[in-house]
Structures are given as C-alpha cells and as structure tokens.
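Fold and geometry: a report
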Amino acid sequence: MTLLAHALSRPSESDPAPGPLLTPAPDQAPAPGVPNREVLDPGLVETAQSASGFDWAAFAGHVGLVAVALALTAVAVTTLWWMLYAWRSKSTYDSTAFSREPRPAQHTFTLLVPGRHEEEVMGQTLDALAAQTHPDVQIIAIVGDDDPGTTAVVRAAAARHPDRIEVVVDDSVPKNKPKALNRALAYAGGSIVGVFDAEDEVHPELLRHIDSRFTETDATVVQGGVQLMNFRSSWWSLRNVLEYYFWFRSRLHFHAGAKFIPLGGNTVFVRRDALERNGGWDAECLAEDCELGVRLSSQGEKVVVAYSPEYVTREETPGTLPSFYKQRTRWNQGFLQVLRKGEWRALPTRGQRLFARYMLAMPFLQAATGLLIPLSLFLILVVKVPTVVALLTFIPLAPTLVTVAVEIAGLGEFGRLYGEKVRVRDYVRLVLGTIPFQVLLAGAAIRAVFRELRGERGWEKTAHSGAHREPAPAASAPIREEVAA
C-alpha cells in the first residue's frame, strides 16, 4: 500500500510539473508577499493566537465568576437545609418542643441579667422574671459601677421582690457582657444558671418547662427559644425577625443533632458545675455565647434545644441600621475569635470539625463574597463572558428563589403563631429586602474581618427601647403604686 501510494504520488516524466492543489484564479491571485487570508481556517487562526499568547486575565476573571457562583450556591443550599430541618418529618417537628405537661421541679435556678444603660427596659424584665412559677429562683441583676440610672432601676426591682432579686455591681474595666456574667457567677446558688438580656419578655411558666427538660434529657445545657417581635419597625427588622424564627425554630436543632452548637445569647441554661469547671465565660470574646457552646460541644457535653412558641423569650430588633450593623459586626468578629481559639479542634469526628470550621469561617465567606460580587458584576458588564460561564453564574438563583419562597411561608406562619397580622406590603418588603439585606450582612462581615485584623475588639453595645413590648396591662398598676410609695 505504501509503495502504491508512493508510485501514484510520483509524477511521470511526461507529465507537466504539478501545481498547487489550491490554485487561485488568475484574477484572484494574491500579490507577491501577501498571504492568502481566504484559505486560512478561522479556527486555525484562533489556535495560533492562543498559542502565541494566552489571555490569563480573562481566564482569571472567568474562574472568579464561577468561584463566586459556586460559593453562593453552597451557602444558599446549606442555609436552606438548616432552615427546613425541623420540618423534615412530623416526629422531628414534635421532638423540638417542650413537653405538654412539665414534670415536678427537680432543680434550682440562678438567672443572670446583665444591664448597661438599660433603665428604660430592665425594670419590667426583672418583674417578669420574679413572677416565674418555679418554686426556687434566684435572680441576679448585674450593673456597672458607672451606671447610676440602671442601678436605681434594679435596686427598686430588688426592693419589690426582696426574696428573689439581688444586685451585683460590676467594677471591671473595660466592661463587657462576659465579664459581668463571670462577676455574678460567684454569687450563684442554683444548680442551673440561666442568662437573660435586659429587655427580655419571659413567660411565667418557662422555668418549669426548662427544669422538666433537664430531667427528661439529663442534658448539660438547655437552649430555649428567642423571638424578635417588632417586624414592622423597619425593612431590615422584618428580615431580622425571620432570621431569629428559623434560627431557633429549626437551625439550632440541627446543630444540637450534629453535636456542635453555637449557643444563643440568652434563654440558655447551663449546669453550674459545668460553668465553674470551665471558668465561666471567655471574658475577651465578643460572642461569649458561641464560644461557650463550642467549648462545651468539644468536651462532649449534651446540649438540648427546645422551642414552643408560647414559651419563647420575646425581644426587639436593633432600633437603627447602624446599631444593627454594629451588632452583626460584633457577632461575626466573635465567630472569628472562636475559630482562631481552636477549641473546635477537640471535636471527636472529622465531619464535626469540618462543620465547625465552615460555621465559624462564615464571616470570611461572607466577606469574600461581598468583595467578589462587585467584581463579578463588573466582569459580566464589561468583559465578554463565555456562554458556559454566564450560565454558571445563574446557579445560585435557584436555591435563592426557593429560600425566598420558604421565607414567605415562614412569615405567614410567624403571624399565625404569634397573633400578628401580616399584610401584603409586609410580604413585598420581605422580597424587596432580600438582596439589600445580604449586602448589609456582607458589609458587616467585611468590617468584622478588618476589625479583627487590626486588633480592635471593643464591645459595641446594642441599645434597647422596648419596641417589642405590649402596652402595660391594668394589672401592673399596683406595681407603679408601690414604686410611688
């Protein structure tokens, strides 16, 4: 075959010399020295250009777009799963609640209530805690030595309820919540220590149900539910209210099942011996609740979460956008501190450690996403993006739309459970606030990262005004008369 091909390819002596296979017509012949562009395959030209110089800038931009899309998708999918965890089956849903009939009291309680410049709200909170139906409750109100307004309010409350309320003065410098809690822990006499915030509205039967939960589960920690209420105050308060609803109603139950849980800031109850064994709260951490939960989880302590709408502690959202922004910055920075501290490395399984790293690194993910989103938009608008890359950037849209639909349903359920009328304009505000709220969270995460890198760890306090409270009922009149007397 090779010989035949060779023979066929050899011109005979009588044949004229062969010309080129693609001979142009005489009138189309190219000028000497000018290449015949029409016969070149465009694909070959592109390949030659690619070989001569690869466009690394465009490639990096495309990779960045895909990375942002995948990161957003991962965050959206995991968030959606955690939001829906409590509703995955009827048995799971039922198991998240308190028992209908609590068992007889078996424990004693000490409730710690730190307050700083909280004279507007703390008196009512102490009165509500003093009204608990549990037979053995010690309440310690903690005030700063430089806060005469709040000090006067708590001493008046202690005078109204001398059998239950004590006052501890915190003279630490600089002041923060974990230092105040540690100062009061030395005076705690109950076997269970609970923490409440200065503005909390607490159901009078709560401690009986918490006591029963400890007896039923033999837990070291019981986390009760907390719910923000003033969803009409602002566009971000609506989304903040829903955040709390899904966090305490569902997500914390997932964390408890995974045996890694960042505890909530209040309505959390811990056995006193476990607190004393661990030296109380981390005095330098901006998220002392998260840090304590991670530490106890790493020690294998059992944490139980219970949520029944009638027994949740009611609170308010921050009153201003800067206040919310600073609050979220503090929480994010606290997560970064816990990540750096490394207690989570003692978790027994690799899966738990990966989960902990993902959870505690969330501020980094949000900050990176917040920085990359503007870059991605710029590249989409300015740079020619391949079709495949453009399609990949739409992947996060699917879980995001499902999440919004779940939030719409959650807002309706929140209204039914708490007797709040949810209007059409509330649903509209919920949908329209989706992207701005995520941008706000990303901004707070970026600020938290920069504050941590610069070593700025000052406590930025959130002010409270009692916006979540119902108008005082007539039954409270005797209390006012007693104060006046």
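Being a predicted model, the structure only gives us computed values, none of them experimental.

A word on the confidence of the model for the chain
Summing up the model confidence of the chain, the mean pLDDT is 85 and the portion of residues at 70 or higher is 82%. Throughout residues 1–14 the model reports pLDDT below 50, and contacts reaching past four residues in sequence, or to other chains, amount to zero contacts. For the stretch residues 472–485, pLDDT sits under 50, and the model shows six contacts to residues farther than four places along the chain or on other chains.

Here's the deal with the pairing of strand 3 (residues 165–170)
Inspection of the sheet shows strand 2 (residues 137–144) paired to strand 3 by six bridges, in the parallel sense. Pairing of valine 143 across the sheet is with valine 169, part of strand 3. Handedness of the strand 2-helix 6 (residues 148–160)-strand 3 crossover: right-handed.

Re the packing of helix 3 (residues 56–84) against helix 13 (residues 350–360)
It is at 13 Å that the axes of helix 3 and helix 13 come closest, and there the two elements cross at 110 degrees. Taken together, the axis directions place helix 3 and helix 13 in an arrangement best described as roughly perpendicular. Of helix 13, the residues touching helix 3 (which contributes Ala74, Val75, Thr78 and Trp82) are Phe355, Tyr358 and Met359. By residue class, the composition of the contact of helix 3 with helix 13 is six nonpolar, one polar and no charged.

Considerations on the pattern of salt bridges
Per the stated rule, a full pass over the model turns up 26 salt bridges. Salt-bridge contacts for glutamate 420 lead to arginine 232; the nearest nitrogen and oxygen are separated by 3.6 Å. Highlighted residues: glutamate 420 in the loop between helix 16 (397–418) and helix 17 (424–432) and arginine 232 in the loop between strand 6 (226–228) and helix 9 (235–258), separated in sequence by 188 residues. Under the relative-accessibility criterion, arginine 232 is labelled partly exposed at 36%. Among the salt bridges present, the one from arginine 429 reaches aspartate 426, with a minimum N-O distance of 3.5 Å. Of this pair, arginine 429 and aspartate 426 both sit in helix 17, separated by three residues, roughly a single helical turn. Given a relative accessible area of 24%, arginine 429 falls into the partly exposed group.

What counts as what
- Residues numbered from 1 in each chain as written.
- Predicted model: local features only at pLDDT ≥ 70, side-chain atom pairs only at ≥ 80, totals over all residues.
- Heavy atoms only, no water.
- pLDDT = per-residue confidence, 0-100.
- Contact = heavy atoms within 4.5 Å.
- Pairing = 2+ DSSP bridges.
- Helix = DSSP H or I, 4+ residues; strand = E, 2+ residues; numbered from the N terminus.
- Right-handed = clockwise from strand over helix to strand, strands pointing away.
- Axes fitted to C-alpha atoms, helices over the stretch in contact; angles between N-to-C directions.
- Parallel < 35°, antiparallel > 145°, perpendicular 65-115°, else oblique.
- Nonpolar A, V, L, I, M, F, W, Y, C, P; charged D, E, K, R; others polar.
- Salt bridge = Lys/Arg side-chain N within 4 Å of Asp/Glu carboxyl O.
- Buried < 20%, exposed > 50% of the residue type's maximum accessible area, 1.4 Å probe, protein only.

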